[in-house]
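Examination of the molecular architecture
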Amino acid sequence: MIATDSLDRLFAEAAAQDAQPLWTMMDAMVPPHPQPKAVPHVWRYAAMRPLLERSGNLVATQDAERRVFMLVNPALKPPQTTDTLYAGLQLILPGEVARAHRHVAFALRFIIEGDAAYTAVGGERVTMRRGDLVLTPSWEYHDHGHEGDGPMVWLDGLDLPVYQFFPANFAQPYAEERFPSEPAPADSHLCYPWSDMEARLEAEDGPYAYAEYAHRVTGGAVSRVIGAAAERIARGGSSPTRRETAGIVYHVHRGRGSTTVGTERLDWEKGDTFCIPAWMPYRHEAAKDTYLFRYDDRPVLEAIGAYRREASAS
Ligand code: 1HN
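Described below are features of the structure shown in this document. (Residues numbered from 1 in each chain as written. Predicted model: local features only at pLDDT ≥ 70, side-chain atom pairs only at ≥ 80, totals over all residues. Heavy atoms only, no water.)

Quick word on the overall build of the protein chain
Across its full length, the protein chain holds six helices and 23 strands. For the protein chain, the spread of C-alpha atoms along the three principal axes comes to 80 × 50 × 40 Å. When each of the 314 residues of the protein chain is scored for burial, the buried share is 47%. Across the protein chain, the fraction of contacts at a sequence separation of at least 24, relative to all contacts at a separation of at least 6, is 74%. Working note: accessible area of the protein chain is about 15,600 Å², and carbon and sulfur atoms make up 53% of it. Across the protein chain, the mean location of the 32 positive side-chain charges is 4 Å away from that of the 42 negative side-chain charges. (Helix = DSSP H or I, 4+ residues; strand = E, 2+ residues; numbered from the N terminus. Buried < 20%, exposed > 50% of the residue type's maximum accessible area, 1.4 Å probe, protein only. Contact = heavy atoms within 4.5 Å. Areas by Shrake-Rupley, 256 points an atom, 1.4 Å probe, with all protein chains shown as cover. Lys, Arg positive; Asp, Glu negative; His and termini not counted. Charge placed at Lys NZ, Arg CZ, Asp CG, Glu CD.)

Section: the packing of aromatic side chains
This structure, assessed with the given rule, holds 14 aromatic pairs. Judged by centre distance (5.2 Å) and plane angle (20°), the ring pair of Y141 and F179 falls under stacked. With Y141 in the loop between β8 (133-136) and β9 (142-146) and F179 in the loop between β11 (171-173) and β12 (182-183), this residue pair connects regions lying 38 residues apart in the sequence. You can call F179 partly exposed: its relative accessible area is 22%. Joined through ring pairs, the aromatic side chains of F110, Y192, W194, Y213, Y291, F293 and Y295 make up one cluster. Positioned above the aromatic ring of Y118 is the side chain of R125, whose terminal nitrogen or guanidinium carbon lies 6.0 Å from the ring centre. Over the face of the ring belonging to Y192 we find R216, whose NZ or CZ atom lies 4.9 Å from the ring centre. (Phe/Tyr/Trp six-rings, centres within 6.5 Å; stacked < 30°, edge-to-face > 60°. Lys NZ or Arg CZ within 6 Å of the ring centre and 35° of its normal.)

Re the site of the ligand
Taken together, R66, Y86, Q90, H101, H103, R109, H142, H144, D156, L158 and L160 are the residues near the ligand. The separation between an oxygen atom of the ligand and a polar side-chain atom of R109 is 3.1 Å. With respect to the ligand, the side chain of H142 contributes an N or O atom lying 2.9 Å from an oxygen atom. Contributing elements (two or more residues each) for the shell around the ligand: β3 (86-92), β4 (97-103), β9 and β10 (152-158). (Near = heavy atom within 4 Å. Polar contact = N/O pair within 3.5 Å; in protein donor to acceptor, adjacent residues only side chain to side chain.)

Topic: the nonpolar core
Among the nonpolar cores identified, the biggest contains 35 residues, and L108, L133, Y213 and Y295 are the most heavily contacted of them. Of all hydrophobic cores here, the second largest spans 14 residues; its members include I233, V261, L266 and L292. (Core = buried A, V, L, I, M, F, W, Y, C linked by side-chain atoms within 4.5 Å.)

Here's the deal with the side chain of S181
Position of S181 among the secondary structure elements: in the loop between β11 and β12. In this structure, S181 is in contact with A120, G123, E124 and R125, ignoring residues within four places of it in sequence.

A word on the pattern of salt bridges
Applying the stated criterion across every chain yields a total of 18 salt bridges. As a salt-bridge pair, E147 and R178 come within 3.9 Å of each other at their nearest N and O atoms. With E147 in the loop between β9 and β10 and R178 in the loop between β11 and β12, the pair connects residues that are 31 residues apart, well separated along the chain. We classify R178 as partly exposed; its relative accessible area is 38%. In this structure, E310 engages R243 in a salt bridge whose closest nitrogen and oxygen atoms are separated by 2.9 Å. Within this pair, whereas E310 is found in strand β23 (residues 309-312), its partner R243 is found in strand β16 (residues 241-244), the two being separated by 67 residues in sequence. Linked through salt bridges whose partners overlap, the residues forming this network are E231, R242, E244, R294 and D296. (Salt bridge = Lys/Arg side-chain N within 4 Å of Asp/Glu carboxyl O.)

Concerning the sheet that holds β12
Pairing is mixed across the open sheet formed by six strands, whose spatial order is β11-β4-β9-β6-β7-β12. At either end of the open sheet lies a strand with only one pairing partner, and these are β11 and β12. When strand β7 (residues 124-128) meets β12, the two strands line up parallel, connected through two bridges. Residue E124 lies in a different strand from β12, and its bridge partner there is E182. (Pairing = 2+ DSSP bridges.)

Describing helix α3 (residues 45-58)
Taking 1.5 Å of rise per residue, 14 residues should cover 20 Å, and α3 covers 20 Å from first to last C-alpha, within 8% of that figure. Where the residues of α3 are buried, they touch β1 (41-43), β2 (68-70), β3, β5 (107-113) and β10. (Expected span 1.5 Å × (residues − 1).)

Considering the environment of A105
Take A105: it is sitting in the loop between β4 and β5. Look at A105 and you get buried, because its relative accessible area is 0%. A105 sits 63 residues away from A168 along the chain, and the two C-alpha atoms are 9.1 Å apart. Residue contacts for A105: discarding those within four places in its chain leaves S138, L158, D159, L160, Y163 and N169.

Here it is as structure tokens:
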């Protein structure tokens, strides 16, 4: 041993070899519980809607692959709405086409406003109506068009941040503006109408109901990374207090209320989008009859054995 050796000297020489001691930072490397970087946050539709409208005046679909405002978590960078999930608000105007492309990342759309645009996915053309959930599976060509009246706005949910971590995403434009498509059958595995989901939620008793979307072909979650569900909370009612290792994006389809997340209270109303970071306890309360749509990263967490949930009565 060198007589004058010291930890400082050891660490400096280790750093010169691009090596660092684990024992001084063990707790940070293996924390006792999940430590999401995302913070709870609400994006208000009343504030976002005019910005989308202005983007419609200023940017043509020919000049933007997709006309979208990303909802970026205040503690993170694009494309992160939570640590692992992306959310954005997309606008398409009558007569416009958002050209065909494909990517490995999975996308879902939850329709906020309008009812005559379509999305064509892998040859099936799905007409989108308010409250519908439409899927774009990994690596399927997809384009959007609008043949009706009035603006069409939807929430895009993608697993993009996962591909910042696993550099395994590919993307490709299609040679033409539109990928050839036929009208989708009524029971298409790509489309989950709101009327079906609302009926399932109504069929449950009590002031609070929760129902997961089941993929029409696999019977499982809507994708391998992202799962989706909806909740009904009667006026004056509340959800149980839960926490889960999944990060969650919520969208208020109808109603008004608040969600307590940790020590914070998020107030929301129809059209708003908000996020719950992993493992933070959360509980919804409704001031009006409320329906919430949500998506989360539960399927991928289950695949790696890392999904956990705790719930207590409200
Ligand atoms: C995308 O392809 C769409 O197809 C929307 O509408 C949002 C965000 C990042 C990467 C691809 C779409 C997207 C996206």
